[in-house]
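Each chain, letter by letter, is given below.
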Amino acid sequence: PSHKMNRSIPCVIILPDNYDKKAAYPVIYLLHGYGGDQNSWITIKPALNDIATRDSLIFVCPDGESSWYWDSPTDPQSQFETFVSQELTTYIDKHYATRDNRKGRAITGFSMGGHGGLWLSMRHPDIFGAGGSISGGGDIRPFPENWKMKEQLGSYDEYPERWNEYTVINQLDSLSDKQLHIVIDCGYGDFFYKVNQQLHNELLKRGIPHDYYNHPGRHTIEYCGNAIDYQIVFFNKYFDSSK
């Protein structure tokens, strides 16, 4: 349930086969791309259940609609920053056996969901200790006519200051050293490659630690399905180091 949107949002929740209600599992939130839904990740990575069992993890895959995981200033029915970072995390911690603090939570996603993974973790490092992006939109401003973003924010021509405010690359000044564990992956042939390279350079300029991966590949679910394996390793290292 989302109280802010006054409606319920479907989610897929993946538990280990040996799930123990008395345990305390880390949780990885997986955000889908534009045009996807809560079922996208079990299509991209059918082995998520096996991985959850192997690594003693819980995966949570919410429907983010076409929200870009913002609280839209124009649409009161699209308030997905609040939903994922506050309402959903609270619900999961209440109903499942989780490590219910930032040291037990990571968030990442593909494409629009990669933007969401960084947007939410950078703006809520008290909730998520680690954040990632696979083929994500690290800077939305070069794409003002794409993916219904102007339905969420208003047009770029009309609201340029809002587009500056709602893009990931402009959140970096709020990050302190080692505050957030960040992992970013984007293929060389991806249309988001340039903005990811710029995001990487800005993180370097500010001395913000992060892992940054590039491999041959384009903006495909095959690329994403491979990249998520590396990010799960990254998140597991974070979970183990912060026990």
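Above this text you will find the structure in question.
The sections below set out a description of the structure shown in this document. (Residues numbered from 1 in each chain as written. Predicted model: local features only at pLDDT ≥ 70, side-chain atom pairs only at ≥ 80, totals over all residues. Heavy atoms only, no water.)

Things to note about the overall build of the chain
For clarity, the threshold we go by: Strands are runs of DSSP state E lasting at least 2 residues, helices are runs of H or I lasting at least 4, and numbering of each runs from the N terminus. For a compact globule the rule gives 2.2 Å times the number of residues to the power 0.38, and the radius of gyration it is set against comes from C-alpha atoms. Burial classes follow relative accessibility: with a 1.4 Å probe on protein chains only, a residue under 20% of its type's maximum area counts as buried, one over 50% as exposed, and anything between as partly exposed. Charged residues are defined here as Lys and Arg on the positive side and Asp and Glu on the negative side; His and the ends of the chain fall outside this count. Throughout, a charge is located at the NZ atom of Lys, the CZ atom of Arg, the CG atom of Asp or the CD atom of Glu.
Per the secondary structure count, the chain includes 8 helices and 7 strands. Here the C-alpha atoms of the chain give a radius of gyration of 17 Å, agreeing with the 18 Å that 2.2 N^0.38 yields for 243 residues. Buried residues in the chain amount to 54% of all 243 residues. For the chain, the separation between the mean place of its 23 positive charges and that of its 30 negative charges on side chains is 5 Å.

Looking at the pairing of strand β4 (residues 105–109)
Applicable threshold: Any two strands with at least two DSSP-identified bridges between them are counted as paired.
Burial runs high along β4: 5 of the 5 residues are buried. Residues of β4 alternate between two faces, with Arg105, Ile107 and Gly109 on one and Ala106 and Thr108 on the opposite face, all of them buried. In terms of strand pairing, strand β2 (residues 27–31) meets β4 through 5 bridges, oriented parallel. Among the inter-strand pairings, Tyr29 is bridged to a residue of β4, identified as Ile107. Relative to strand β5 (residues 130–134), β4 runs parallel, the two being bridged by 2 bridges.

A few points about the nonpolar core
In plain terms, the rule: Note on terminology: a nonpolar core comprises buried Ala, Val, Leu, Ile, Met, Phe, Trp, Tyr and Cys residues joined through side-chain atoms within 4.5 Å. A contact between two residues is defined here by any heavy atoms of the two lying within 4.5 Å.
Ranked by size, the top nonpolar core spans 45 residues in total, and within it Tyr29, Trp70, Leu120, Met122, Leu172, Ile182 and Leu199 carry the most contacts. Ignoring anything within four residues of it in the chain, the contact list for Tyr29 reads Val60, Leu88, Thr89, Ile92, Arg105, Ala106, Ile107, Thr108 and Phe128. Formed by 26 residues, the second largest nonpolar core is a distinct cluster that contains Leu48, Leu57, Ala227 and Ile232.

Quick look at unusual backbone geometry
Of note in the backbone geometry, Ser56 takes a positive phi value of approximately 55° without being a glycine. The backbone phi angle of Lys148 is positive, close to 60°, even though this residue is not glycine. On the secondary structure map, Lys148 appears in the loop between β5 and α5 (149–153).

Details of the pattern of salt bridges
Opposite charge on two side chains permits them to pair, given that their charged atoms come into close proximity. In plain terms, the rule: Any Lys or Arg side-chain nitrogen located within 4 Å of an Asp or Glu carboxyl oxygen qualifies as a salt bridge.
Per the stated rule, a full pass over the model turns up 11 salt bridges. Members of the salt-bridge network, linked through shared partners, are Asp173, Glu202, Lys205 and Arg206.

Some points on the sheet that holds β5
Put simply, the rule reads: Axis angles are defined between N-to-C directions and span 0 to 180 degrees, where every axis is a line fitted to C-alpha atoms and, for a helix, only to the segment in contact.
Sheet architecture is open: 7 strands sit in the order β1-β3-β2-β4-β5-β6-β7, paired in mixed fashion. Two strands bound the open sheet, and with one partner strand each, they are β1 (11–14) and β7 (211–213). Each strand of the sheet is rotated relative to its neighbour by a mean of 15°, with strand direction disregarded. Where β2 meets strand β3 (residues 58–62), 3 bridges bridge the pair, whose relative direction is parallel. Note on β3: the bridge partner recorded for Ile28 is Phe59.

Overview of the pairing of strand β6 (residues 181–185)
It is a general feature of regular strands that their side chains alternate between the two faces of the sheet. Of all 5 residues in β6, 4 are buried, a share of seventy percent or more. Bridge count between β5 and β6: 5 bridges; the pairing is parallel. Looking at the pairing, Ile134 lines up with Asp185 of β6.

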